[in-house]
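Per-entry structural report
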Amino acid sequence: MAPAQPSKVTPVVTRDATRVEQGPGTIKFDHVSVTFGRGMDAVKALDEVTLELRDGEFVGLVGPSGCGKSTILKLVCGLLAPSSGTVTIAGKRVERGKLSVGIAFQNPTLLPWLTIERNVMVPLKIVEPFRSQYRAKRRTEFRDRVHALLAQVGLKGFANKFPWQLSGGMQQRANLCRALIHGPKLLLLDEPFGALDHFTREALWGTMQELWMQRRPTVLLVSHDLREAAYLATRICVMSARPGRIICDQDVSFARPRTIPMTYEHDFVALNQRLRALISDVPTT
Amino acid sequence: MQLAKRMHEQMSSILLIMGFFLAWEVLCRMFGVSDLVLPKPSEIVVTLVKQFHGLLPHLIQTVYTTVVGFALGLLVGVLIGGLIGTSRLAYNSAYPLLIGFSSIPKVAIIPILVVWFGAGTVPAVLTSLIICFFPIVVNVATGLATTEPELEDVLKALGASKLDILWNVGLPRTMPYLFASLKVALTVAFIGTITSETIASNQGIGTVMMIASANFDVPLVFAGLLLVSIMGVALYAVSALIEQKVTGWANRKTEFAMG
């Protein structure tokens, strides 16, 4: 992709400084701080966070409650501007309204008045170049595209159902489809499996892994669940309690596709325990 | 099964109405109430049928005035509601004024409207507009202002403009709120029209009732009331029908889901 742009952006300390990639899914946080409120009421949510996500990486962001994980997510999609420092995607500063990031929250937030098919189609109505083609292709190509994706996540035959006719896990599958339908280079997940029961959650990890391996977007997953992060991510970043800082940056190199039995093996459990200890050491607020 | 249940509900509603009028008739006859005080339903119906030819133009006038006033109220209500529902600044700054405005008794405004526009159709239309737009404003604004922030975030992250969000999420989401308010607005629009006609007009059911009561023609007054409530129910039914088509999703009707 585009070569490294030297000039304007202040140099970032990367783990592999010789090979600075600027792929479309490269995200860089450079000494980013975020402060909410002013004066006496000011709360510092993030403190000098420097982090780089390379193209196609799956990064799990874990940390104690209120440590600013979601704040990082909002910075990436431009819903929030940093108080100081810069956030860049593919070498360009994040600007609101200029991105087309896929995002999924814990709450499926499907539109109750639309069928699953129409819900998943919503990004195609908004993101270019699909937007201009929407009227012409809605019934044919886009429909096939939606149906193919739905079938892949196990929602074949549910396209014409309404969200409330689906279980929580199925709604969350549809939510993932909506986040991915326009083929985003960036996928942001804010505890998307947090509200699901244990078994449904594990089933969805599998689906998520499959989608990622096939499409390879850069994913930023915010999670409370270390097992989830270790199962899905290629790299785990642990954050401290507020003000949030990255206190551990750890590659996860288990073979893919990972399976649920693997999560009970020694290495996997050892990794979880090590990370858990880090979070326990953090003084919680 | 479903159909039988609905038939049952409709039957009970018809029975209730019939029971009401029957009780009225029986009580009037039992206690020998004079027609000057409270006419019997049978008497009212007879008057209505006898005088229907003369009442028809007035009926048309009232319906016409109410529908025009209601349509304008809907337009104004949706516009203002849309504005204050999407902008926090407009919401906070405009609400006190709106509440103050809506607290004014509308009867007090009618003479002013007559001074400005003369007696007749215009003040009646304006009165029903003024009286019916407020519930619409409140509900549309509430519907828009309570859109889930996460849902908005999903669309913003996709690069959606404010207009995109309004069109794809805000407006459809507001429909159940809008229709809830339309039912209120429609009935109060009638009150606005009739009140205005009673005070300053030479046409409409309100005028007829005014003149009839001046002549102690109490059955005719009640005939007018009956007409007004029948019209109210009819317009309500129309709006309920449209509501079902547009916002069936909010009621989670199985028939809607299958359709």
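Quick caveat, the model's predicted, so the values are computed rather than measured.

Here's the deal with the overall build of chain A
When helices and strands are tallied, chain A shows eight helices and ten strands. Against the globule reference of 19 Å for 285 residues, chain A gives a C-alpha radius of gyration of 19 Å, in line with a compact fold. Dimensions of chain A, computed from C-alpha atoms along their principal axes, come out at roughly 50 × 45 × 45 Å. Expressed as a percentage of the 285 residues in chain A, the buried residues total 41%. Considering only residue pairs separated by 6 or more positions, chain A has 71% of its internal contacts joining residues 24 or more positions apart.

Structural notes on the overall build of chain B
Across its full length, chain B holds ten helices and zero strands. Along the chain direction, N to C, the helices and strands of chain B fall in the order α-α-α-α-α-α-α-α-α-α. Projected onto its principal axes, the C-alpha coordinates of chain B cover approximately 75 × 60 × 30 Å. Considering chain B as a whole, with its 259 residues, one finds that 35% of them fall into the buried category. Within chain B, counting contacts between residues at least 6 apart in sequence, those at least 24 apart form 75% of the total.

Topic: the domain arrangement of chain B
Residue and element names in this part refer to chain B. Under the domain assignment, chain B is made up of domain 1 (1-33) and domain 2 (36-254). Each partner contributes residues to the interface: domain 1 has six residues there, and domain 2 has five residues. Here the side of domain 1 that touches domain 2 is built from residues that sort into four nonpolar, no polar and two charged.

Structural notes on helix 2 (residues 41-86) of chain B
With 46 residues, helix 2 of chain B ought to run about 68 Å at 1.5 Å a step, yet its terminal C-alpha atoms sit only 50 Å apart, falling short of that. The largest bend in helix 2 of chain B amounts to roughly 75 degrees and is located at B:Phe52.

Things to note about the sheet that holds strand 7 (residues 186-190) of chain A
Residue and element names in this part refer to chain A. The mixed open sheet is built from six strands, whose spatial order is 6-7-8-3-9-10. In this open sheet, the two edge strands, each paired with only one partner strand, are strand 6 (102-105) and strand 10 (246-251). Strand-to-strand twist across the sheet, computed as the mean angle between neighbouring axes with direction ignored, equals 15 degrees. Lying on the sheet, helix 5 (residues 168-180) is in contact with strand 6 and strand 7; it crosses strand 6 at an angle near 160 degrees.

Focus on the nonpolar core
A:Val59, A:Leu61, A:Val76, A:Leu188, A:Leu220 and A:Leu221 are the most contacted members of the largest nonpolar core, which has 84 residues in total. The residues contacting A:Leu188, other than those within four sequence positions of it, are A:Leu73, A:Val76, A:Cys77, A:Val101, A:Gly102, A:Ile103 and A:Leu220. By size, the runner-up hydrophobic cluster in this structure holds 42 residues, among which are B:Val78, B:Cys132, B:Ile136 and B:Ala185.

Things to note about the interface of chain B and chain A
Contacts between chain B and chain A engage 19 residues on the former and 22 residues on the latter. Where the side of chain B that touches chain A is concerned, the elements lending two or more residues are helix 6 (149-157) and helix 7 (162-199) of chain B. Element by element, the count of residues in the side of chain B that touches chain A is highest for helix 6 of chain B, at seven residues. Across the side of chain B that touches chain A, the residue classes tally to ten nonpolar, three polar and six charged.

Comments concerning the packing of helix 7 of chain B against helix 8 (residues 205-214) of chain B
Helix-helix packing: each pair is described by the crossing angle between the helix axes and the interaxial distance. Residues and elements named next belong to chain B. Here helix 7 crosses helix 8 at 50 degrees, and the two axes come no closer than 7 Å. As summarised for this structure, helix 7 and helix 8 are arranged oblique, according to the angle between their axes. In terms of crossing hand, the pair formed by helix 7 and helix 8 is right-handed. Of the residues in helix 8, those in contact with Thr193, Ile194, Thr195, Ser196, Glu197 and Thr198 of helix 7 are Ile205, Gly206, Thr207, Met209 and Met210. Class assignment of the residues belonging to the contact of helix 7 with helix 8 gives a composition of four nonpolar, six polar and one charged.

Thoughts on the pairing of strand 3 (residues 58-62) of chain A
Side-chain direction in a regular strand flips from residue to residue, so the side chains alternate between the two faces of the sheet. All names here are of chain A. Where burial is concerned, most of strand 3 is hidden: five out of the five residues are buried. Here five bridges tie strand 3 to strand 8 (residues 218-223), and the two strands are oriented parallel to one another. Paired with Val62 across the strands is Ser223, a residue of strand 8. One ladder, built from four bridges, connects strand 3 with strand 9 (residues 235-239); its direction is parallel. If you follow Leu61 over to strand 9, its bridge partner there is Cys237.

Looking at the pairing of strand 2 (residues 43-53) of chain A
All names here are of chain A. Of the strand pairs in this sheet, strand 1 (residues 27-36) and strand 2 are connected by seven bridges, and their pairing is antiparallel. Each residue of the ladder has a partner; that of Phe29, found in strand 2, is Leu51. Adjacent in sequence and paired antiparallel, strand 1 and strand 2 are bridged by six residues, among which Gly37 carries a positive phi angle near 75 degrees.

About the criteria used
- Residues numbered from 1 in each chain as written.
- Chains lettered and ligands numbered in written order.
- Predicted model: local features only at pLDDT ≥ 70, side-chain atom pairs only at ≥ 80, totals over all residues.
- Helix = DSSP H or I, 4+ residues; strand = E, 2+ residues; numbered from the N terminus.
- Rg over C-alpha atoms; globule rule 2.2 N^0.38 Å.
- Buried ≥ 20, exposed ≤ 12 C-beta atoms within 10 Å, placed from the backbone.
- Contact = placed C-beta atoms within 7 Å.
- Domains from an automatic or database assignment.
- Nonpolar A, V, L, I, M, F, W, Y, C, P; charged D, E, K, R; others polar.
- Expected span 1.5 Å × (residues − 1).
- Bend = angle between axes of the 7 residues up to and from the residue.
- Pairing = 2+ DSSP bridges.
- Axes fitted to C-alpha atoms, helices over the stretch in contact; angles between N-to-C directions.
- Core = buried A, V, L, I, M, F, W, Y, C linked by C-beta atoms within 7 Å.
- Parallel < 35°, antiparallel > 145°, perpendicular 65-115°, else oblique.
- Left-handed = near helix turned anticlockwise from the far one by under 90°.

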